[in-house]
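Understanding the architecture of this molecule
Below are the chains, spelled out letter by letter.
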Amino acid sequence: MMLNLGPQHPSTHGVFRLVLWLDGERIVRAEPHIGYLHRGSEKLCEREDYTQIITLFDRLDYVANLNGELAFCMAAEKLMGLEVPDRAWYVRSILCELNRIASHMLFYGVYGLDTGAMTPILYGFRERERIVLLFEAVTGARMMHNFIRVGGVKQDLPEDFVQRVNKLTDELKRGIEECDQLLTNSELFLARTKGVGSIDGPTARDYGCTGPVLRASGVKEDVRVSEPYGIYDRFEFGIPVGSNGDCWDRYYIRVEEMRQSLSIIEQAVKQMEPGPIQAKVRRIARPPKGEAYVRTESPRGDFAVFLVSDGGDKPYRVKVRAPSFANLQSITHMLRDAYIADAVVILGSIDIILGEVDR
Amino acid sequence: MSGNVPAEAPFERVLPNAVVCKSNELFALARKSSLWTLSFGLACCAIEMIGAHMSHHDLDRFGVVTWPSPRQSDVMIVAGTVVKKMADPIKRLYEQMPDPKWVIAMGSCATNGGPYYRSYSVVMGVDHLIPVDVYVPGCPPRPEALMFGIMELQKKITEDAKRRGLPPPRLISPPSAPTDGASPR
Amino acid sequence: MTTPQEKKPAKPERATHRREPEVPVAPAALDERGKALAAILPQVFSGLDVQISAAMDEVVLAAKPQDVPAVCRIAKEDPRLDFDYLRCLSVVDYIERLEVDYHLFSLDKRHKMVVKTSVPPDAANVPTVSGVWRGADWYEREGHDLFGVVFDGHPNLRPLLLYEGFEGHPGRKSFLFHEYDEW
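Residues numbered from 1 in each chain as written. Chains lettered and ligands numbered in written order. Predicted model: local features only at pLDDT ≥ 70, side-chain atom pairs only at ≥ 80, totals over all residues.

**With respect to the overall build of chain A**
- Secondary structure summary: chain A contains 15 helices and 8 strands in total.
- By the compact-globule yardstick of 21 Å for 359 residues, chain A fits well, its C-alpha radius of gyration being 20 Å.
- Taken along the three principal axes of its C-alpha coordinates, chain A extends 65 × 45 × 35 Å.
- Considering chain A as a whole, with its 359 residues, one finds that 59% of them fall into the buried category.
- Residue pairs at least 24 apart in sequence account for 72% of intrachain contacts in chain A once pairs closer than 6 positions are excluded. (Helix = DSSP H or I, 4+ residues; strand = E, 2+ residues; numbered from the N terminus. Rg over C-alpha atoms; globule rule 2.2 N^0.38 Å. Buried ≥ 20, exposed ≤ 12 C-beta atoms within 10 Å, placed from the backbone. Contact = placed C-beta atoms within 7 Å.)

**Some details on the nonpolar core**
- Val78 and Met106 of chain B are the most contacted members of the largest nonpolar core, which totals 204 residues.
- Tallying contributions element by element places helix H4 (residues 86-115) of chain A first for this core, with 15 residues.
- Not counting chain neighbours up to four residues away, the residues in contact with Val78 of chain B comprise Phe40, Val103, Ala105, Met106, Ala110 and Val126 of chain B. (Core = buried A, V, L, I, M, F, W, Y, C linked by C-beta atoms within 7 Å.)

**Examining the sheet that holds strand E7 (residues 301-309) of chain A**
Residue and element names in this part refer to chain A.
- As summarised here, the arrangement of the 3 strands in space is E6-E7-E8, forming an open sheet in which the pairing is antiparallel. The open sheet terminates on both sides in strands that have one partner only, identified here as strand E6 (290-298) and strand E8 (317-321). Across this sheet, the average inter-strand angle for adjacent strands is 15 degrees, counted without regard to direction.
- With 5 bridges joining them, E7 and E8 adopt antiparallel strand pairing. Directly across from Leu307, in E8, lies its bridge partner Val318. (Pairing = 2+ DSSP bridges. Axes fitted to C-alpha atoms, helices over the stretch in contact; angles between N-to-C directions.)

**A short note on the interface of chain A and chain C**
- Every contact between the two is made by 32 residues of chain A and, on the other side, 28 residues of chain C.
- Secondary structure elements with two or more residues in the side of chain A that touches chain C: helix H3 (65-80), helix H8 (201-207), E6, E7, E8 and helix H12 (323-329) of chain A.
- Residues of the side of chain A that touches chain C, tallied by class, amount to 12 nonpolar, 8 polar and 12 charged. (Nonpolar A, V, L, I, M, F, W, Y, C, P; charged D, E, K, R; others polar.)

**Topic: H4 of chain A**
Residues and elements named next belong to chain A.
- The terminal C-alpha atoms of H4, which comprises 30 residues, lie 43 Å apart, in line with the 44 Å expected from a rise of 1.5 Å per residue.
- Of all 30 residues in H4, 26 are buried, a share of seventy percent or more.
- One or two positions beyond H4, positive phi appears at Gly116, with a value near 105 degrees. (Expected span 1.5 Å × (residues − 1).)

**Re the environment of Val213 of chain A**
- Along the chain, Val213 of chain A falls in helix H9 (residues 212-216).
- Expressed as a C-alpha distance, the spacing of Val213 of chain A and Val138 of chain A, which sit 75 residues apart in the sequence, is 32 Å.

**Structural notes on the sheet that holds strand E5 (residues 112-119) of chain C**
Residues and elements named next belong to chain C.
- Spatial strand order, E1-E2-E5-E4-E3: 5 strands in an open sheet with mixed pairing. Since the sheet does not close on itself, it has two edges, and those belong to strand E1 (51-55) and strand E3 (85-94), each with one partner. This sheet shows a mean twist of 25 degrees between the axes of neighbouring strands, independent of strand direction.
- Relative to E5, strand E2 (residues 58-62) runs parallel, the two being bridged by 4 bridges. Its bridge partner being in E5, Ala62 is matched across the sheet by Lys116.

**Quick word on helix H6 (residues 161-183) of chain A**
- With 23 residues, H6 of chain A extends 32 Å from end C-alpha to end C-alpha; this agrees with the ideal 33 Å at 1.5 Å per step.
- Turning to H6 of chain A, its buried residues number three or more, namely Val165, Leu168, Leu172, Gly175, Ile176, Cys179 and Leu183 of chain A.

**Examining the pairing of E2 of chain C**
All names here are of chain C.
- Alignment of E1 against E2, held across 5 bridges, turns out to be antiparallel. Following the sheet pairing, Ala54 is matched in E2 by Val59.
- Taking the residues between adjacent antiparallel strands as the criterion, E1 and E2 are bridged by 2 residues, where Met56 takes a positive phi near 55 degrees.

**Observations regarding the packing of helix H11 (residues 247-271) of chain A against helix H14 (residues 340-350) of chain A**
Residues and elements named next belong to chain A.
- Their axes nearest at 9 Å, the elements H11 and H14 cross at an angle of 35 degrees. In this structure, H11 meets H14 at a crossing whose hand is left-handed. Taking contact as the criterion, the partners of Cys247, Arg250 and Tyr251 in H11 are, on H14, Val345, Ile346 and Ser349.
- In the contact of H11 with H14, the residues fall into 4 nonpolar, 1 polar and 1 charged. (Left-handed = near helix turned anticlockwise from the far one by under 90°.)

**Overview of the pairing of E5 of chain C**
Residue and element names in this part refer to chain C.
- As paired strands, strand E4 (residues 97-105) and E5 are joined by 8 bridges and run antiparallel to one another. Opposite Asp101, over in E5, you have Lys116 as the bridge partner.
- Taking the residues between adjacent antiparallel strands as the criterion, E4 and E5 are bridged by 6 residues, where Arg110 takes a positive phi near 60 degrees.

**Here we look at unusual backbone geometry**
- For the peptide bond that leads from Asp99 of chain B to Pro100 of chain B, omega is -10 degrees, which places it in the cis range.
- Among the structural elements, Pro100 of chain B can be located in the loop between helix H4 (84-96) and strand E4 (102-106).
- Non-glycine residue Asn146 of chain A carries a positive phi angle of around 55 degrees.
- Mapped onto the elements of the fold, Asn146 of chain A is located in the loop between helix H5 (120-139) and strand E4 (148-149).
- Owing to 18 C-beta atoms within 10 Å, Asn146 of chain A belongs among the partly exposed residues under this scheme.
- Positive phi values are uncommon outside glycine, yet Arg118 of chain B reaches one of about 70 degrees.
- Among the secondary structure elements, Arg118 of chain B is positioned in the loop between helix H5 (108-112) and strand E5 (134-136).

**Structural notes on the confidence of the model for chain B**
Residue and element names in this part refer to chain B.
- Summing up the model confidence of chain B, the mean pLDDT is 84 and the portion of residues at 70 or higher is 86%.
- By mean pLDDT, helix H1 (residues 10-14) is the weakest element of chain B at 71, and E5 is the strongest at 94.
- In the model output, the complex is listed with pTM 0.88 alongside ipTM 0.88. (pLDDT = per-residue confidence, 0-100.)

**A closer look at the packing of H4 of chain A against H5 of chain A**
Residue and element names in this part refer to chain A.
- Orientation of H4 relative to H5, taken along the N-to-C sense of each, is 165 degrees, at an axis distance of 7 Å. Taken together, the axes of H4 and H5 lie roughly antiparallel to each other. Between H4 and H5 the crossing geometry is left-handed. Of the residues in H5, those touching H4 at Leu98, Ile101, Ala102, Met105, Leu106, Tyr108, Gly109, Val110, Gly112 and Leu113 are Pro120, Ile121, Gly124, Phe125, Glu127, Arg128, Ile131 and Val132.
- Taken together, the residues that form the contact of H4 with H5 break down as 13 nonpolar, 3 polar and 2 charged. (Parallel < 35°, antiparallel > 145°, perpendicular 65-115°, else oblique.)

**Digging into the environment of Lys289 of chain A**
- Within the element layout of this structure, Lys289 of chain A appears in the loop between H11 and E6.
- Between the C-alpha atoms of Lys289 of chain A and Arg215 of chain A, which are 74 residues apart in sequence, the distance is 36 Å.
- When near neighbours in sequence (up to four residues on either side) are disregarded, Lys289 of chain A contacts Ser309, Asp310 and Gly311 of chain A together with Val23, Pro24, Val25 and Ala26 of chain C.

See below:
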């Protein structure tokens, strides 16, 4: 029997279509269809200059916006050979780690809904609202920040930022513990996610999976450690690694990553010193001719930008390597012997964002 | 009794606590107080739509519940960019919704294409496909903006019911009125 | 009375074309891992016709289209290289040719490489590498969709991002911006 888990479905995390061939309750074959959100961002990038493109990159991974902006700005800075001042890097790191916590809180809430629990989404979004309100105070917008620019950040932090962030980290610590207690060791949740949708390390590497999907399978790989960018080598943080590669591992790694991000934020706030927040760069950046490939660790994995420039004020080609694009390919492997009821749980555990899958 | 007091209606002696109203206004009150939205988040605006339903900006107090099935929902909030590949499913979903139904175009992508204006694969606004009742601008609109949009839709439902579904009165007469002596203007 | 006109000095000859402004080029700067990798590559690929160069901090290996699967298989299986992770497969349209880039990374040895191959735009055929890395599957479908590069041997080259029946290849420079429909 063929079942169409169509583009409109409460659990498809956006417009994703999954066509399943079933034998009773078992999935015999799964065929994912994407492209229902293909907006042509890469082609539009060739028509806009470097500051306008940041608004497009905001909307690619629309839950971890700052990470997308950061990857693009790092690619342009690498081509230009720019030295970004320290304070700008501290601001960028603090905001990106806060964005990681916000993204994982969204995942936590929506994953609870996928497994059938109605309460975690309210708790997750309560914590996310705290972070998003702080973003509004710093960058001016709740979601599409347009804050990280080529050479630094757009403007300096507000004066009461340090008090606000310290208060926020205390609240988030309590919030993460509360969310953890609610779902992680709940019997029903364990029954639905333990041993479900497992993928082993070599297969995950073959598919090009990155981020929590790869780390859950036992491979210790984090871009902040293997190819450190910015000032991540000044922070001490752990990298959670799973052992089974199943849905529970992928979920719990994200909860642990939230705690590690909090510790990075505390260290960054202590180490940050006043200084310039933008390098000396022209208003419209003109990188020299060449190509640059830059990777960053987004909440979903390895978000990379391949920028080809011909010396003008608009790029020649921008290719976005989205982590969810590669992670989603592995769903055919994860669904190989699953029940139809597990399809939703497995899809939710990969944590895809269709904006970056389809670009 | 003194002054201009109307006489007591006969049924007021029988049913002292009855309320009199027109039936379409009563139905409009019922419909606007329990708008079930089709959960149709396409892109980034979906995150703000979910945030509007959550406890910080609660939409449940308006009676708005998000419901996955189109057969049982009243409002379709098109939140996000409409891509040409998605146009067919959107039309099909709209046709599956039973009357009376309304559409809220949330965000600038659903209004006119937004930041993806002039892209080769984007429909410049969902009103090319389905009739839209309320446009909520923003990229993405704040949850408060979406709440305002829903409140405007509620106002529209009551106004439409008062006019009994007829179009609103025109304030400016059309310029092409014939004046060949048939009817004096 | 006509006076003999003095011979005016001849005007200097102007250049017939404007000098184009110099476009700065980003210098190639390999780090130690890149230099060590560039040193062993000629021995590893001694049987095949490849050119090794550098672009910024990436080692670039330019190969012929028909050699690409062999190059990629050696890159993955050779213990000195161990490129088990295909990061990205992108297609760039330089108008007289289409360039297909394979960005490779080794999770254990932490070195990286780019394999490049060029094909003419009207006969863009490259053998598939989806047998080497399973993750190349969707990247090749996307390259076929947006640029029209045909990957021979790919099991399923149906459109991925565009709807069935889309005419033209939007990624190419020949697909103009103002040729869009509102709906």
